[in-house]
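# Secondary and tertiary structure notes
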Amino acid sequence: AQAMVYGDGESRLRALIVPSARDADIAAGVAAANAALPAYARIGLWQPSHPFTPADATLTPNGRLRRAAILARLEVRPFFDRLCAETAPARARLL
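These lines cover the structure that appears in this document, whether it is placed above or below. (Residues numbered from 1 in each chain as written. Predicted model: local features only at pLDDT ≥ 70, side-chain atom pairs only at ≥ 80, totals over all residues. Heavy atoms only, no water.)

## Overview of the overall build of the protein chain
The helix and strand inventory of the protein chain stands at 4 helices and 3 strands. Mapped from its N terminus to its C terminus, the protein chain presents α and β elements in the order β-β-α-β-α-α-α. The C-alpha atoms of the protein chain give 13 Å as radius of gyration, which agrees with the globular expectation for 95 residues (12 Å, within 12%). Within the span of the protein chain, comprising 95 residues, buried residues form 25% of the whole. In the protein chain, once contacts between residues fewer than 6 apart in sequence are set aside, the share between residues at least 24 apart is 50%. Carbon and sulfur atoms make up 59% of the accessible area of the protein chain, which amounts to about 6500 Å² in all. Distance between charge centres in the protein chain, computed from 12 positive and 8 negative side chains, equals 2 Å. (Helix = DSSP H or I, 4+ residues; strand = E, 2+ residues; numbered from the N terminus. Rg over C-alpha atoms; globule rule 2.2 N^0.38 Å. Buried < 20%, exposed > 50% of the residue type's maximum accessible area, 1.4 Å probe, protein only. Contact = heavy atoms within 4.5 Å. Areas by Shrake-Rupley, 256 points an atom, 1.4 Å probe, with all protein chains shown as cover. Lys, Arg positive; Asp, Glu negative; His and termini not counted. Charge placed at Lys NZ, Arg CZ, Asp CG, Glu CD.)

Below you can see the structure in the form of structure tokens.
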């Protein structure tokens, strides 16, 4: 699995999460992580993401995240993809 947390200075943190398996329960994983964190460090919103790789310039060859490239990729997503991704946590709670 991969994840990138962002939103420093915002009212709540956000995370882009690449699950380790297709049927992974991301909502449960985020809830478990949040339970062990102080309130200021908890993830408020999350969304699934495509894997971060050196091939798409979102990961360096040594495995570090290229945060600017990841966020830029996020901004150019078509409206429907963004809508689905941003509502993923709420939809997961309904299941």
